[in-house]
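Structural description and commentary
Chain by chain, the residues run as shown.
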Amino acid sequence: MSTSQPDASRPSGAGADEDRVTPDGLLHARTGTEVSPEDVVLAAGRDLTESNLEWARRKLAAEGPAALDKLLP
């Protein structure tokens, strides 16, 4: 006779609502603060070098703060 064991990967009381994935439209990368070139460089996974900062400045000038949103999941 087997006994029912709770799923160890799920906290007790976890229901179907907790298994749903958040839609992309509800996820936000920014906190509403101004985006700096350093933020863009780091979000792209690059080193903080002058050439990467210049790339980020151009990207921000062309795309605005959305440049950071496009880099982050």
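All of the points below concern the structure found in this document. Small disclaimer: the values here were computed from a predicted structure and weren't measured.

**Points about the nonpolar core**
Side chains that are nonpolar tend, in soluble globular proteins, to be buried together. Val35, Val40, Val41, Leu53, Trp55, Ala56, Leu60, Ala67 and Leu68 form the largest nonpolar core, which has nine residues in total. Here this core gets four residues from one element, more than from any other, and that element is helix α2 (residues 50-63).

**So, the side chain of Lys59**
Relative to the assigned elements, Lys59 resides in helix α2. Under the relative-accessibility criterion, Lys59 is labelled buried at 16%. Apart from residues lying up to four places away in sequence, Lys59 is in contact with Val40, Gly64, Ala67 and Leu71.

**Some words on α2**
With 14 residues, α2 should reach 20 Å at 1.5 Å per residue; the first-to-last C-alpha distance of 20 Å fits that figure. Within α2 the residues assigned to the buried category are Asn52, Leu53, Trp55, Ala56, Lys59 and Leu60. Buried residues of α2, seen end-on, are gathered within an arc of 155 degrees and therefore sit on one face of the element. Among the exposed residues of α2, those oriented more than 90 degrees off its buried face are Glu50, Ser51, Ala61 and Ala62. Here the buried face of α2 lies against α1 (37-43) and α3 (66-71). Just downstream of α2 lies Gly64, where phi reads positive at about 70 degrees.

Calculation rules
Residues numbered from 1 in each chain as written. Predicted model: local features only at pLDDT ≥ 70, side-chain atom pairs only at ≥ 80, totals over all residues. Heavy atoms only, no water. Core = buried A, V, L, I, M, F, W, Y, C linked by side-chain atoms within 4.5 Å. Buried < 20%, exposed > 50% of the residue type's maximum accessible area, 1.4 Å probe, protein only. Helix = DSSP H or I, 4+ residues; strand = E, 2+ residues; numbered from the N terminus. Contact = heavy atoms within 4.5 Å. Expected span 1.5 Å × (residues − 1). Arc of directions from axis to C-beta.

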